Each structure stands twice: as C-alpha cells, then as structure tokens.
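Each chain is listed here by its residues.
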Amino acid sequence: MPGPIQSIERAAAIMNVVAEAPFGIGVGELAAVLGLPKPTAHGLLRTLQGVGYIEQDAQSGKYRIGDAALGLTPRPFDANVLRSYAMNWGDTLAARSGESVRIGALRGDSVEIVHHVFRPDGSDQVLQIGIELPLHATALGKVLLAYTPGLAERATTGTLLAYTRRTVTAPRALHGAIARVRGQGYAEDIGEFAAERASVAAPVRDSGGRVVGAIGVVGALDRLTEKAVHTRLIELVLSTAAAISRDLGTERPRVQS
C-alpha cells in the first residue's frame, strides 16, 4: 500500500490549526506553529483558500475557516496514542538524563501529565500521571501555549496565579516568553512552579506538524541550571521530541488501553 501523502497531511494540520484560532491566524504564526517554512505554509493556505476551505480577512490579512469547511470539526488527538508512542522514548530520556520525565497534553486550560517516568536514582517519588499543571508556570505548558493558536490569548484573559516569586503573571511578559519558545524550539521553567525545581520541554508533533503534546525533564533547580548540564538536557529533550514526532508521522497510531 502507498504511504501517506505529506501535502495532504499538512493541509489537514493547517485546517485543524486554523479551526482552533477564533480570531484568525497569520501565515508567519501558522508556519511557526507547524514548524514549516513560511513559503510552504503560504502555498498551502492559498491552495485551501482557492477551494473555499480557508478565507483571508481583507483588513487583518489573517486566515480563518472558510464557508466550504463550516461544520467540519477538527479531530482531537488521542492522548493515549501520544502516550503509547512516547513512553519508550521517555524511559530512554530518563536513563540518559538522570532526571524525571513527564509527557503532557492539553486538557482545557491546563496541561495533563499523560506519562511520568521516575528519576532513575532509586529515591522515593510520587507518580504524577493524570495531574493537571498550569500552562503559564511550567515548561510543558509553555510549549502548548506557544504552539496552540488562541490558547495564549485565552490563558491571559484572567488573573494568572503566582506560584513562586519567579512565576510570570503579566500577560505582556508571558507573550514575550511564548515568542522565545517559538524562536528557540523549547521551553523552560526555572523555579516558576516550584521554587526548588526547574524543567525543560519540547513540542511533539503529529504527521502534519501540529503540536499534540510536549515532553520534558524536571529536577532540582541547582542541578538543572548548571551550564553544562542545562545545555545537554536541552539537546536530549529536543532530540527525544523529534524522535517521537518522527514515529507519529511514519507509523499507524496504536491506542493503548
């Protein structure tokens, strides 16, 4: 049987992303969200616009769902599929980093931990699968804020809770942090959720490039912020996220019960 056609997968991902952006989305932001070159994203948008699935606002220049696609509902990504593909990579990341590993997916206005690998040092630890963490104060959450259209705007409409003195609660500062995540491809939490802990996380993408979750490491702040350790952890997290994304893009999803 022939394999999947990349352009169709990307077009479907664009439809999902645009459908999640109630105020429209620009070509640059869309390209950043999906990890595509801007000319590629623009070409796909123009093609979808030509068949009526996407329309462009004449004043803002932003794209939104067109009349031909009204009534179509974006298919949510199954967190169990994410977990089934990511869990073995999570074990490897924990072994190589020596730190605890968490895999998260968006749930409402929080990030839900769908898989947790203990730090491999034999110390007493508490399993965190199923807990929900704030988007603005965690590395996993910042990844989702950066790559889910409209989520940052929704998250900053109310008061952001300060968990420590380092938690970013000002909307403008948070939007700046989100822009940095998009620019560097990973997110950090340096004592923002718990004063003594730090974390690094990177996005996991589906076959069309849409971010469907995040994977990261978490550990003692003093240890994770040591320059050599910090640099190595960023490399490990980025390479692990890329490996999971490749698996999601090349294999048929397996749902683990």
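Attention here is on the structure that accompanies the text. This is a predicted model, so every value here is computed, not measured.

1. As for the pairing of strand S8 (residues 211–220)
S8 sits mainly inside the fold: 9 of its 10 residues count as buried. Two strands pair when backbone bridges link them, and strand S3 (residues 100–107) and S8 are joined in this way by 5 bridges, in the antiparallel orientation. Looking at S8, one finds that Ile-103 is bridged to Ile-215. For strand S7 (residues 197–205) and S8, the ladder comprises 9 bridges, and the chain directions are antiparallel. Each residue of the ladder has a partner; that of Val-204, found in S8, is Gly-213. The loop that links S7 with its antiparallel partner S8 comprises 5 residues; one of these, Gly-209, has a positive phi angle of about 100°.

2. Some points on the pattern of salt bridges
One pass over the structure, following the stated rule, counts 9 salt bridges. Here Glu-112 makes a salt bridge to Arg-107, at a shortest N to O gap of 3.8 Å. Judged by its relative accessible area of 46%, Arg-107 is partly exposed. The residue Asp-121 makes a salt bridge to Arg-119 at a minimum N-O spacing of 2.8 Å. On the basis of relative accessibility, which here comes to 47%, the residue Asp-121 falls in the partly exposed class. Residue Arg-119 is classed as partly exposed on the basis of its relative accessible area of 21%. Beyond isolated ion pairs, a larger network of salt bridges with shared partners links Arg-107, Glu-112 and Glu-132.

3. Points about the sheet that holds S3
Read across the sheet, 6 strands follow the order S5-S4-S3-S8-S7-S6 without closing on themselves; strand pairing throughout is antiparallel. The sheet terminates laterally at strand S5 (132–134) and strand S6 (187–190), the two strands that pair on one side only. Recorded for the sheet is a direction-independent mean angle of 30° between the axes of neighbouring strands.

4. Considerations on the environment of Ser-7
Mapped onto the elements of the fold, Ser-7 is located in helix H1 (residues 6–19). A sequence separation of 201 residues divides Ser-7 from Gly-208, and the C-alpha atoms of the two residues are 8.3 Å apart.

5. Side note on the packing of aromatic side chains
The description of an aromatic ring pair uses the distance of the two centres, along with the angle that the planes make with each other. Using the criterion set out here, one finds 1 aromatic pair in the structure. Directly above the aromatic system of Tyr-147 lies the positively charged group of Arg-205, at a separation of 5.1 Å from the ring centroid.

6. What about the nonpolar core?
Leu-93, Val-101, Val-204, Ile-215, Val-217 and Leu-248 are the most contacted members of the largest nonpolar core, which has 28 residues in total. Elements that contribute at least two residues to this core include exactly helix H4 (79–97), S3, strand S4 (110–117), S7, S8, helix H8 (221–224) and helix H9 (227–250). Residue contributions to this core peak at 7 residues, all from H9. Discounting chain neighbours no more than four positions away, the residues touching Val-101 are Gly-90, Leu-93, Ala-94, His-115, His-116, Val-117, Ile-215, Gly-216 and Val-217.

7. A look at the packing of helix H5 (residues 139–147) against helix H7 (residues 171–184)
Where H5 contacts H7, the two axes come as close as 9 Å, and the packing angle between them is 85°. By the angle between their axes, H5 is roughly perpendicular relative to H7. Packed against H5, whose contacting residues are Lys-142, Val-143, Leu-145, Ala-146 and Tyr-147, the element H7 presents Leu-174, Ile-178, Val-181 and Arg-182 at the interface. Residue composition of the contact of H5 with H7, grouped by class: 7 nonpolar, no polar and 2 charged.

Calculation rules
All residue numbers refer to position in the chain's written sequence, counted from 1. For a predicted model such as this one, the threshold for reporting local features is a pLDDT of at least 70, and the threshold for listing and counting side-chain atom pairs is 80 or more; totals across whole chains, interfaces and linings nevertheless cover every residue. Derived side-chain values reflect all non-hydrogen atoms in the structure, with water molecules and hydrogen atoms excluded from consideration. Any residue under 20% of the maximum accessible area for its type is buried, any over 50% is exposed, and the rest in between are partly exposed; the area is computed with a 1.4 Å probe on protein chains only. Secondary structure elements follow DSSP: runs of H or I no shorter than four residues count as helices, runs of E no shorter than two count as strands, and numbering proceeds from the N terminus. When DSSP locates at least two bridges between a pair of strands, those strands are taken to pair. We count a salt bridge whenever a side-chain nitrogen from Lys or Arg sits within 4 Å of a carboxyl oxygen from Asp or Glu. Note on method: axes are straight lines fitted to C-alpha atoms, helices fitted across the in-contact stretch only, with angles between N-to-C directions ranging 0 to 180 degrees. Between the rings of Phe, Tyr and Trp (Trp by its six-membered ring), a pair exists once the centres lie within 6.5 Å; its type follows the angle of the planes, with under 30 degrees stacked, over 60 edge-to-face, and the other angles tilted. Cation placement over rings: the criterion is NZ of Lys or CZ of Arg within 6 Å of the ring centroid and within 35° of the ring normal. Here, nonpolar core means buried Ala, Val, Leu, Ile, Met, Phe, Trp, Tyr and Cys residues that are tied together by side-chain atoms lying within 4.5 Å of each other. Contacts are residue-level and defined by heavy atoms, with any inter-residue pair within 4.5 Å sufficient. For classification purposes, an angle smaller than 35 degrees is called roughly parallel, one larger than 145 roughly antiparallel, one from 65 to 115 roughly perpendicular, and anything else oblique. Gly is put with the polar residues, along with every residue not named as nonpolar or charged; the nonpolar set is Ala, Val, Leu, Ile, Met, Phe, Trp, Tyr, Cys and Pro, and the charged set is Asp, Glu, Lys and Arg.

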